[in-house]
Amino acid sequence: MPENAYHPLWSPDGERLAFVDSRDGLYTARLDGSELHKVPNSGVSTFLAGWLPDGKHLIVTELGAEGSVLKTVDVQTGAAAEHFTIDNRKGGFVLPAPDGERVAFSEMVFGQPGYGLFVANLDGSGKHAIDTGIGFLDHMLAQIAVHGLFDLDVTARGDLHSYVTALEPWTF
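An account of the accompanying structure is given in this report. Keep in mind that this is a model prediction, so the values were computed, not measured. Sequence order sets the numbering: in each chain, residues are counted from 1 along the sequence as written. Local features are withheld for residues below a pLDDT of 70 in this predicted model, meaning they are given only at 70 or higher, and side-chain atom pairs are given and counted only at 80 or more; totals for whole chains, interfaces and linings count all residues. With hydrogens and water excluded, all non-hydrogen atoms of the structure serve as input to the side-chain values.

Let us now look at unusual backbone geometry. With phi around 55 degrees, Glu35 is a residue other than glycine that occupies positive phi space. Helical segments are the DSSP runs of H or I of at least four residues, strand segments are the runs of E of at least two, and each set is numbered from the N terminus. Inspection of the secondary structure assignment puts Glu35 in the loop between strand S3 (25-30) and strand S4 (37-38). For Asn41, which is not glycine, the phi dihedral falls at a positive 65 degrees. Tracing the backbone through its elements, the reader meets Asn41 in the loop between S4 and strand S5 (46-51).

This is how it looks when you write it as structure tokens:
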């Protein structure tokens, strides 16, 4: 393995590693170091996020003018498909779901001075960050965002307790 290698990630079948060479971009290799392969068209501004379950594609981000561009890259050919841009100029800290269909990432929160954690489908649809303090409501809002294919960012603070003080029987 190259001496400047870092951020190794196991392939889904456990037979290969993908990693970054700080001078040259992305590589893959067998566990014993054989079959070292530079991923074509990858550079030093490419951040490695993970493998897709097919073991033939990597999820990466590359720094662009508007933030971190999320892409999937064919390991052999270097052909890249651009998916969406994350408002994070530090790489987005992307982590794919085990099924490869969603990603979690860190992005600037509109109107706030910091970052928030978001989840989106791989194509960028259904992006959501939900924190109401009520678990069931968080879950239901996330389902609406994912299945409705629209973005949703909800943060709620305040009185999170509801009390039922009395139940009166209906009288007719």
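Another aspect to go through is the packing of aromatic side chains. Any Phe, Tyr or Trp ring, taking Trp's six-membered ring, that has another such ring centre within 6.5 Å forms a pair; planes under 30 degrees apart are called stacked, those over 60 apart edge-to-face, and the others tilted. Enumeration over the complete set of coordinates arrives at 3 aromatic pairs. Relative to Phe118, the ring of Phe105 has its centre 6.0 Å away and its plane inclined at 15 degrees; by these criteria the two rings are stacked. Placement of the pair is Phe105 in strand S10 (residues 102-108) and Phe118 in strand S11 (residues 115-121), with a sequence separation of 13 residues. Comparing Phe105 with Phe118 shows no difference in burial state: the two are buried. Two limits define a charge over a ring: the Lys NZ or Arg CZ must be within 6 Å of the ring centre, and within 35 degrees of the ring normal. If you follow Lys127 out to its NZ or CZ, it ends over the ring of Phe118, 5.3 Å from the centre. Think of it in three bands: residues with accessible area under 20% of the maximum for their type are buried, residues over 50% are exposed, and the middle band is partly exposed, with areas taken using a 1.4 Å probe on protein chains only.

A few words on the sheet that holds S4. In this scheme, strands are said to pair when DSSP sees at least two bridges between them. Reading across the sheet, the 4 strands line up as S1-S2-S3-S4 and stay open at both edges, with antiparallel pairing between neighbours. Taken across any chain shown, the strands that pair with only one partner, and hence form the sheet edges, are strand S1 (5-10) and S4.

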